[in-house]
Amino acid sequence: MATETDIFSELDQFDRKILVALAEDGRLSITDLAARVGLSKTPCQIRFKRLISDGYIEGFKAVLNPSKMQLDHIAFVEVKLSDTREDALKSFNEAIKKIREVEECHMIAGRFDYLLKIRTRDIGRYRRVLGERISTLPHVANTSTNVAMETIKEGWDKFGSSLS
């Protein structure tokens, strides 16, 4: 099984430092990024562009505060499908992408087929999303909901020693 070190073995220390710095603050200018990782501006910019073109950096976005937007209700939903043949999976996958309250969707190897992370304002809105949208998706046989009481850690924004 590949370790995190193996996954990033083709990256040298400067590439890893660039990724960590950008994960912490994606708004860094090339000048500030170069200073932070110990390179001059031009080599840093070349590496930055290569990390993008090689797919290590997929894009940049604002990290929004869900609480400020009154989206504090998080539910994790286990979804079991009635059919798991390839066409059924494709049909479900395309349909789930259209539900904006679904923050994450993972196919699972286990007692259910998908795990969804759903973020809404409150339990009432969640019930409507589940009943009117998720339960009516193609091939959904049943669902089971787990409600988060508190979020301790969220996101993959800090690599720690993974890239060191």
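Residues numbered from 1 in each chain as written. Predicted model: local features only at pLDDT ≥ 70, side-chain atom pairs only at ≥ 80, totals over all residues. Heavy atoms only, no water.

In the nomenclature of an unreviewed UniProt entry, the protein chain corresponds to Lrp/AsnC family leucine-responsive transcriptional regulator from the organism Rhizobium binae.

Asker: I'd like to hear about the pairing of strand β2 (residues 102–107), residue by residue, with values.
Answerer: Where β2 and strand β3 (residues 114–120) come together, five bridges link them in antiparallel fashion. The residue bridging Met107 from the neighbouring strand is Tyr114, located in β3. A loop of six residues connects β2 with β3, the two strands running antiparallel in sequence. (Pairing = 2+ DSSP bridges. Helix = DSSP H or I, 4+ residues; strand = E, 2+ residues; numbered from the N terminus.)

Asker: I'd like to hear about the nonpolar core, residue by residue, with values.
Answerer: Judged by nonpolar contacts, the single largest core of 19 residues is most densely connected at Val79, Phe92, Leu116, Ile118 and Ile134. Of all elements in the fold, only β1 (73–81), α5 (86–96), β3 and α6 (123–134) reach the threshold of two or more residues within this core. Setting aside chain neighbours within four positions, we find Ile134 in contact with Ile99, Val102, Leu116, Ile118, Val129, Val140 and Thr143. By size, the runner-up hydrophobic cluster in this structure holds 15 residues, among which are Leu28, Val37, Phe48 and Leu51. (Core = buried A, V, L, I, M, F, W, Y, C linked by side-chain atoms within 4.5 Å. Buried < 20%, exposed > 50% of the residue type's maximum accessible area, 1.4 Å probe, protein only. Contact = heavy atoms within 4.5 Å.)

Asker: Which residues make up the packing of helix α2 (residues 13–24) against helix α3 (residues 30–37), and what are the values?
Answerer: In the contact formed by α2 and α3, the axes pass within 9 Å of each other and the chain directions differ by 125 degrees. As judged from the angle between their axes, α2 and α3 are oblique. When you trace α2 past α3, the crossing you get is right-handed. On the side of α2, the interface is formed by Phe14, Lys17, Ile18, Ala21, Leu22 and Glu24, while α3 contributes Leu33, Arg36 and Val37. Looking at the contact of α2 with α3 residue by residue, the class counts come to six nonpolar, no polar and three charged. (Axes fitted to C-alpha atoms, helices over the stretch in contact; angles between N-to-C directions. Parallel < 35°, antiparallel > 145°, perpendicular 65-115°, else oblique. Left-handed = near helix turned anticlockwise from the far one by under 90°. Nonpolar A, V, L, I, M, F, W, Y, C, P; charged D, E, K, R; others polar.)

Asker: An account of the side chain of Asp83 is requested, with residue identities and associated values reported.
Answerer: Within the secondary structure layout, Asp83 lies in the loop between β1 and α5. Here Arg85 takes part through its backbone nitrogen, which lies 2.9 Å from a polar atom of the side chain of Asp83. If we ignore the near neighbours within four places in the chain, the residues touching Asp83 are Ala88 and His139. (Polar contact = N/O pair within 3.5 Å; in protein donor to acceptor, adjacent residues only side chain to side chain.)

Asker: Tell me about α3, residues and numbers included.
Answerer: Three or more residues of α3 are buried, namely Ile30, Leu33, Ala34 and Val37. Viewed end-on, α3 has its buried residues packed into an arc of 100 degrees, placing them on one side of the element. In this structure, the buried side of α3 is in contact with α2 and α4 (41–53). Looking at the residues trailing α3, positive phi occurs at Gly38, about 85 degrees. (Arc of directions from axis to C-beta.)

Asker: Can you tell me about the sheet that holds β3, naming the residues and giving the values?
Answerer: In space, the four strands of this open sheet follow the order β2-β3-β1-β4, with antiparallel pairing throughout. Each having just a single partner strand, β2 and β4 (140–147) make up the two edges of the open sheet. Averaged over neighbouring strand pairs, the angle between their axes works out to 20 degrees when direction is ignored. In the packing of α6 onto the sheet, the strands contacted are β1, β2, β3 and β4, and the crossing angle to β3 comes to about 135 degrees.

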